[in-house]
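Structural overview for review
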Amino acid sequence: MALDPHVSRFLDMMALGGTGGIDLAARREGLRGLSKLAAAGLATGQVEVRDFTMPGPGGALSLRLYAPEGEAPESETSGPGLVFLHGGGLVTGDLDTHDALCRTLCDAGRMRVVAVEYRLAPEHPFPAGLDDALAATRWVMEHAADLGIDPARLAVGGESAGAGLAARVCQEFLGVGKALAAQLLICPVLDVHGTGPSRRDFARGYFLDEATIQGDIFACGPDALPNPRFCPLRETELAGLPPAHIHTAEYDPVRDDGETYAERLTRAGVPVVHARHAGMIHFFYGLGRLVPRSRPILSQIARDFADLLRNPAPTA
């Protein structure tokens with residue numbers, strides 16, 4: 001279908017802003033500003049929030065726990081939980097830029113969300129962000145009961161580059177026998193070194209562009225190579241991975257990443273729910289005030305994924 005009219009207006013606004021070629025500091029500040037502008041109306045309810053730190057591979061890692069309203073973070077009642085990894089090309093984003101998104105996931109899904117502020121490149125080249133994602137997920141698994149999370153219903157997820165980290169966390173945990181209940185991948189970036197129709201068709205003018213992707217690869221450093229650690233789509237051993245909910249956007253240059261991964265997981269026997277959101281672009285789920293249709297979509301994503309965690313499919 002055609003671009004959502006609100007998406008089209010947003011893209012026109014971005015084009016008028018002349019964002020091409022801005023430096024990394026400006027990009028980071030721009031994402032903070034955009035997130036603040038777009039947050040109004042995104043979170044539909046109240047959640048209880050607690051910030052804390054954990055020991056990480058490179059020092060203390062900041063985490064933020066979101067609990068549904070009326071359930072204190074230290075509640076004795078354990079429920080489903082999601083370790084959430086923000087997007088931003090592994091070079092931008094933090095707990096605040098994705099706060100409204102995490103609040104919506106928590107409130108609509110009635111599940112606890114633990115957001116992770118992993119280290120960013122170029123100050124901390126790859127695989128620093130992945131190492132932090134792995135360490136944080138392990139830590140939450142080990143402390144699930146203290147966080148009010150049922151460890152048997154703990155999932156990992158993220159959006160954009162964060163979804164790529166989440167996919168790789170699942171792959172590496174499989175190799176060491178650690179079990180996660182599910183994975184939530186929203187507009188995942190799974191092979192930045194790849195090519196495909198969506199990368200060509202939406203290379204410019206659709207918010208995430210090819211020049212930005214290539215710049216982020218360079219910023220991530222010499223270990224940002226076309227291998228499964230940096231490009232989870234290149235992993236060949238997929239059987240036994242946790243069930244996946246994968247969401248892609250019609251006008252997204254990395255749309256093929258998520259859709260190819262959904263197909264490969266299905267062939268490997270992994271339960272997959274995939275939805276392509278018509279008329280949408282990359283990061284549509286974070287544009288609640290600017291793209292009204294994104295709000296019910298994100299809420300439905302949260303409800304469906306939480307239902308999976310509460311009612312897991314029977315194993316063979």
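All figures in this text were calculated on a predicted structure; none of them were measured in a lab.

For the protein, the count of helices and strands is nine helices and eight strands. Taken against the 2.2 N^0.38 rule, which gives 20 Å for 316 residues, the C-alpha radius of gyration of the protein at 18 Å falls within 12% of a compact globule. Considering only C-alpha atoms, the protein reaches an extent of 50 × 40 × 40 Å along its principal axes. Within the protein, the proportion of its 316 residues that are buried is 55%. In the protein, the proportion of contacts linking residues at least 24 apart, taken out of those at least 6 apart, comes to 79%. Just so you have it, the protein exposes about 12900 Å², and 53% of that area is on carbon and sulfur atoms. Averaging the coordinates of the 29 positive side-chain charges in the protein and doing the same for the 39 negative ones gives two points 2 Å apart.

What the rule picks out here adds up to nine aromatic pairs. Considering the side-chain rings of phenylalanine 202 and tyrosine 251, the 5.5 Å spacing of their centres and the 65° angle between planes classify their relative orientation as edge-to-face. Highlighted residues: phenylalanine 202 in the loop between helix H6 (197-201) and helix H7 (210-220) and tyrosine 251 in strand E7 (residues 244-251), separated in sequence by 49 residues. For the residue pair phenylalanine 202 and tyrosine 251, the accessibility class agrees, reading buried in each case. When the centroid spacing of 6.0 Å and the interplanar angle of 15° are considered together, the rings of phenylalanine 207 and phenylalanine 283 count as stacked. Here phenylalanine 207 is found in the loop between H6 and H7, whereas its partner phenylalanine 283 is found in the loop between strand E8 (272-281) and helix H9 (294-310), with 76 residues between them in sequence. Taken together, the ring pairs connect Phe10, Phe207, Phe283, Phe284 and Tyr285 into an aromatic cluster.

As a further point, take the environment of alanine 15. Locating alanine 15 in the fold gives a position in helix H1 (residues 5-17). Relative accessible area serves as the criterion here: at 58%, alanine 15 is assigned to the exposed category. Separated by 125 residues in sequence, alanine 15 and valine 140 have C-alpha atoms that sit 41 Å apart.

So, on to unusual backbone geometry. The step from alanine 121 to proline 122 runs through a cis peptide bond, and the omega angle for that step is 0°. In this fold, proline 122 is placed in the loop between strand E4 (112-117) and helix H4 (128-142). Note that the residue after phenylalanine 126, namely proline 127, is joined by a cis bond; omega there is 15°. Along the chain, proline 127 falls in the loop between E4 and H4. Of note, the phi angle at phenylalanine 207 is positive, near 80°, even though the residue is not glycine.

Before going further, it helps to spend a moment on the pairing of strand E6 (residues 183-186). Where burial is concerned, the two faces of E6 agree: the one with Gln183 and Leu185 and the one with Leu184 and Ile186 are both buried. For strand E5 (residues 149-159) and E6, the ladder comprises four bridges, and the chain directions are parallel. Bridge assignment links glycine 157 to a residue of E6, and that residue is leucine 184. Following the chain from E5 across helix H5 (residues 161-175) to the adjacent parallel E6, one finds a crossover that is right-handed.

Remark: helix H3 (residues 99-109) packs on H9, axes separated minimally by 8 Å, with the N-to-C direction vectors making an angle of 55°. The angle between H3 and H9 falls in the class oblique. Seen from above, H3 lies across H9 with right-handed handedness. Residue-level inspection shows Leu101, Thr104, Leu105, Ala108 and Gly109 of H3 in contact with H9, the latter providing Leu298, Ser299, Ala302, Arg303, Ala306 and Arg310.

Turning to the sheet that holds E6, a few remarks are in order. Spatially, eight strands are ordered E1-E2-E4-E3-E5-E6-E7-E8 in an open sheet, and the strand pairing comes out mixed. Looking along the sheet, the strands with just one partner apiece sit at the ends: strand E1 (47-56) and E8. Sheet twist, expressed as the mean angle between neighbouring strand axes with direction ignored, is 20°. In the packing of H3 onto the sheet, the strands contacted are E1, strand E2 (59-68), strand E3 (79-85), E4, E5 and E6, and the crossing angle to E2 comes to about 45°.

Residues given the UniProt feature "domain: Alpha/beta hydrolase fold-3" (unreviewed entry) here are residues 82-285. Between the first and last C-alpha atoms of residues 82-285 the distance is 17 Å; the span itself is 34% helix and 21% strand.

About the cut-offs
Residues numbered from 1 in each chain as written. Predicted model: local features only at pLDDT ≥ 70, side-chain atom pairs only at ≥ 80, totals over all residues. Heavy atoms only, no water. Helix = DSSP H or I, 4+ residues; strand = E, 2+ residues; numbered from the N terminus. Rg over C-alpha atoms; globule rule 2.2 N^0.38 Å. Buried < 20%, exposed > 50% of the residue type's maximum accessible area, 1.4 Å probe, protein only. Contact = heavy atoms within 4.5 Å. Areas by Shrake-Rupley, 256 points an atom, 1.4 Å probe, with all protein chains shown as cover. Lys, Arg positive; Asp, Glu negative; His and termini not counted. Charge placed at Lys NZ, Arg CZ, Asp CG, Glu CD. Phe/Tyr/Trp six-rings, centres within 6.5 Å; stacked < 30°, edge-to-face > 60°. Pairing = 2+ DSSP bridges. Right-handed = clockwise from strand over helix to strand, strands pointing away. Axes fitted to C-alpha atoms, helices over the stretch in contact; angles between N-to-C directions. Parallel < 35°, antiparallel > 145°, perpendicular 65-115°, else oblique. Left-handed = near helix turned anticlockwise from the far one by under 90°. UniProt positions renumbered as here; feature names shortened; annotations may be inferred.

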